[in-house]
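# Architecture and fold: a report
Spelled out, the chains give:
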Amino acid sequence: EGAGANDGPPMQEPDMAPQGSPPREMRQVNIVQGFNAATKLQLDKVWATAFYEANIPFNVIKHPAFINAVRETVRARFPAYLPPSMNAIRTKLLSARKAEMVRQVRELTGNSTEKYGVTICADGWDNVQNRPLLNVIQSGTRGDVFLGTIDTTGHYKDSDYIASQIRPFVERVGPQHVVQVCTDNTPNMLGSSRMLET
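Residues numbered from 1 in each chain as written. Predicted model: local features only at pLDDT ≥ 70, side-chain atom pairs only at ≥ 80, totals over all residues. Heavy atoms only, no water.

### Structural notes on the pattern of salt bridges
- Per the counting criterion, the structure on display carries five salt bridges.
- Across the pair Asp-44 and Lys-40 runs a salt bridge, and its minimum N-O distance is 2.7 Å. Of the two residues, Asp-44 and Lys-40 both sit in helix α1 (residues 31-54), four residues apart, roughly one turn of that helix.
- On the basis of relative accessible area, Asp-44 is assigned to the partly exposed category, the value being 37%.
- As a salt-bridge pair, Glu-100 and Arg-103 come within 2.4 Å of each other at their nearest N and O atoms. Taken together, the residues span about one helical turn, with Glu-100 and Arg-103 both in helix α4 (residues 92-109) at a distance of three residues. (Salt bridge = Lys/Arg side-chain N within 4 Å of Asp/Glu carboxyl O. Helix = DSSP H or I, 4+ residues; strand = E, 2+ residues; numbered from the N terminus. Buried < 20%, exposed > 50% of the residue type's maximum accessible area, 1.4 Å probe, protein only.)

Encoded structure:
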């Protein structure tokens, strides 16, 4: 039987976009675009697999240093390039990077330490493995400098012990440049500050 006039709206042609939707791109993808899309998908899978199997935190993918490393590798157009070995990363490359960072810190701070002096700040905290650590920072007019961390596991943290751990950092900066020592207000930290000032 034929369809009546009240059987509902006529069906749209398959290639017609619904009313109110943005017009579809009618131009076909060319060979180069299709190849690039397929290559990107394959590389995405390889990178994702590396993150999954190496247990790399997902937020590393957003870090500017990681993004820069990938971009520079692509820009170099060096097909035979292989990442540095683990031994190189933890030895000569690490030493070179540390020396570069020390140079940059010296450039940024200039002679402000000698001219204006600094504050030595120390505070204890527990890391994700619940190990008790003590951080020591140098704070001055041209910025703050991280001096180091001490693992205080297994030690009784009285004033004498804390002062003995902070003292080498004071000596490294130079006692003549240290204006004050800043800690929290727990009795052992306050006691260590007084001992260091004395």
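### Quick look at the packing of aromatic side chains
- Counted according to the given criterion, the structure contains four aromatic pairs.
- With a centroid separation of 6.1 Å and an interplanar angle of 80°, the aromatic rings of Tyr-52 and Phe-58 are classed as edge-to-face.
- Classification of Phe-58 by relative accessible area gives exposed; the value is 60%.
- For the pair Phe-78 and Tyr-81, a centre-to-centre distance of 6.3 Å together with 45° between the ring planes defines the contact as tilted.
- Looking at Tyr-81, the relative accessible area reads 40%, which means it is partly exposed. (Phe/Tyr/Trp six-rings, centres within 6.5 Å; stacked < 30°, edge-to-face > 60°.)

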